[in-house]
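# Remarks on the overall topology
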Amino acid sequence: MEAVGFITGYSNGGLSRRGGSRGGICFARRLDELEAGDLLVGEVKQSGGARSAWVDCGVVRKGKGGSEVPVNGRLRARNGKEPEAIGEKVVVYVKRVKPGNGRFEVVLSSQVKTRTQTQRRLEDLKVGDALSGEIVHLFSSGALVSVPVDRLGKNGKRKPVLALLRRSEFLSEWASDTDYVLKEGQKVLKVGDSLDLYVAEVFPTSAHLRLCAEKKTEEQISQQRIQRKKDLRARKARRAAASPVIGSERDGIVTKHLKFGVLVDIGWKKRALLHWKRMGEDLKYEWRDQLPRGTKVKVKVESVRDNDDVEISLS
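Residues numbered from 1 in each chain as written. Predicted model: local features only at pLDDT ≥ 70, side-chain atom pairs only at ≥ 80, totals over all residues. Heavy atoms only, no water.

### Observations concerning the pattern of salt bridges
- All chains considered together, the criterion is met by 18 salt bridges.
- Across the salt bridge formed by arginine 30 and aspartate 32, the nearest N and O atoms sit 3.7 Å from each other.
- You can call arginine 30 partly exposed: its relative accessible area is 24%.
- The class of aspartate 32 is exposed, set by a relative accessible area of 52%.
- For the salt bridge of arginine 158 with aspartate 150, the shortest nitrogen-to-oxygen distance reads 3.0 Å.
- The network of salt bridges with shared partners includes Glu169, Glu201, Arg210, Lys216 and Arg225. (Salt bridge = Lys/Arg side-chain N within 4 Å of Asp/Glu carboxyl O. Buried < 20%, exposed > 50% of the residue type's maximum accessible area, 1.4 Å probe, protein only.)

Written out as structure tokens, the structure reads:
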């Protein structure tokens, strides 16, 4: 396997070390040089709270007096599973970097596979190009997919790219492993699954890549972008409504999908939660398709909490 991240090679049955080591892991990456999507190899050093583990990926930050201080990446447990075992070697992608706080987060790559596809450059991709990839992380609004695409990093080296597959771009027969409610006959996507996808949007400057399950033209993508902007302007133009009262009915607009329901803009300072259990039997399994973002709904206020959170039901 090609060495990635901080690994420089193999020596005497272990990893070669450069600039000091700890447990065989070399410090060759600085925290302020990490970028989202970087691929690293590390060892689980600690199992922490909040169902997390801490992975030694050979990353350091600048400490007091100019000294280098080791930084372990936070690896959150997936889908309610137990954190990875201490001492286990893992391959991870950088998810988020916080240089100001001296922290970074990683997501687990389910298994290491040698790429059989030709590596492609991000700047050469076009809308509609076909790509095959592997799901490395699932969340309520979509998935992160590892694809055979790289980009030019700040240091002039080519770096791997993680692509975003929005939930709205799933095929109708797909469901996510993070869903609470599953419709019979749906294919449940899990981490490690391979998918054949298409390029939806490419942003070489910001190193972002968005995918879709069905091939679309540039005109279709442009129309979607225009519609999203129109929906946003319409929500901002709405007048602020009075404080919600339990039992009252409101007009609302669906603004976001969660794994257990949707958030609805009812003109209040906080969006209201419409849980799938309050949608009725007709929408219990179909709400993702029947209530896309921008849908206008008539709702009833069920509860108002002290922190101004509002729960609603369909009226």
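### Some points on the nonpolar core
- Val149, Leu165, Trp174, Leu197, Leu209 and Leu211 are the most contacted members of the largest nonpolar core, which has 24 residues in total.
- Residue assignment for this core shows that the elements contributing at least two residues are strand S12 (130-139), strand S13 (142-152), strand S14 (158-166), strand S17 (194-203) and strand S18 (208-212).
- Element by element, the count of residues in this core is highest for S13, at four residues.
- Dropping the residues within four chain positions of it, valine 149 is found in contact with Gln119, Arg120, Arg121, Leu122, Leu125, Leu131, Lys159, Pro160, Val161 and Leu209.
- Core analysis: the second largest hydrophobic core is formed by 17 residues, Val262, Met279, Val297 and Val310 among them. (Core = buried A, V, L, I, M, F, W, Y, C linked by side-chain atoms within 4.5 Å. Helix = DSSP H or I, 4+ residues; strand = E, 2+ residues; numbered from the N terminus. Contact = heavy atoms within 4.5 Å.)

### Digging into the pairing of S13
- Among the 11 residues that make up S13, 10 are buried, leaving the element largely enclosed by the rest of the structure.
- Strand direction decides the pairing type here: S12 and S13, joined by five bridges, are antiparallel. Counted as the bridge partner of histidine 137 is leucine 144 from S13.
- What sits between the antiparallel neighbours S12 and S13 is a turn of two residues.
- Summarising the sheet, S13 and S14 pair through eight bridges and their orientation is antiparallel. Of the residues in S14, the one forming a bridge with glycine 142 is arginine 166.
- Between S13 and S14, which pair antiparallel and follow one another directly, the connecting turn spans five residues, one of which, glycine 156, has a positive phi of 90 degrees. (Pairing = 2+ DSSP bridges.)

### What about the side chain of aspartate 150?
- With respect to the element layout, aspartate 150 can be found in strand S13.
- Side-chain polar atoms of aspartate 150 contact the side chain of arginine 158, separated by 3.0 Å.
- Setting aside its immediate chain neighbours within four residues, aspartate 150 contacts Gln119, Arg120, Arg121, Leu122, Arg158, Lys159, Pro160 and Val161. (Polar contact = N/O pair within 3.5 Å; in protein donor to acceptor, adjacent residues only side chain to side chain.)

### Focus on the packing of aromatic side chains
- Tallied over the entire structure, the rule returns one aromatic pair.
- Taking the centre distance of 5.9 Å and the plane angle of 70 degrees together, the rings of phenylalanine 170 and tryptophan 174 count as edge-to-face. (Phe/Tyr/Trp six-rings, centres within 6.5 Å; stacked < 30°, edge-to-face > 60°.)

### Quick word on the sheet that holds strand S22 (residues 296-304)
- Reading around the barrel, the five strands line up as S19-S20-S21-S23-S22 and close back on themselves, with mixed pairing between neighbours. When the angles between neighbouring strand axes are averaged without regard to direction, this sheet yields 50 degrees.
- Inspection of the sheet shows strand S19 (residues 249-258) paired to strand S20 (residues 261-265) by five bridges, in the antiparallel sense. Looking across to S20, one finds that leucine 258 is bridged to glycine 261. (Axes fitted to C-alpha atoms, helices over the stretch in contact; angles between N-to-C directions.)

### Digging into the environment of lysine 154
- By the secondary structure assignment, lysine 154 is in the loop between S13 and S14.
- Overall, lysine 154 belongs to the exposed group, its relative accessible area being 77%.
- Taking the C-alpha atoms as reference points, lysine 154 and glutamate 33, separated by 121 residues in sequence, lie 8.5 Å from one another.

### Comments concerning unusual backbone geometry
- Although it is not a glycine, alanine 207 sits at a positive phi angle of roughly 60 degrees.
- By the element assignment, alanine 207 lies in the loop between S17 and S18.
- Alanine 207 gets classed as buried once you look at its relative accessible area, which sits at 19%.

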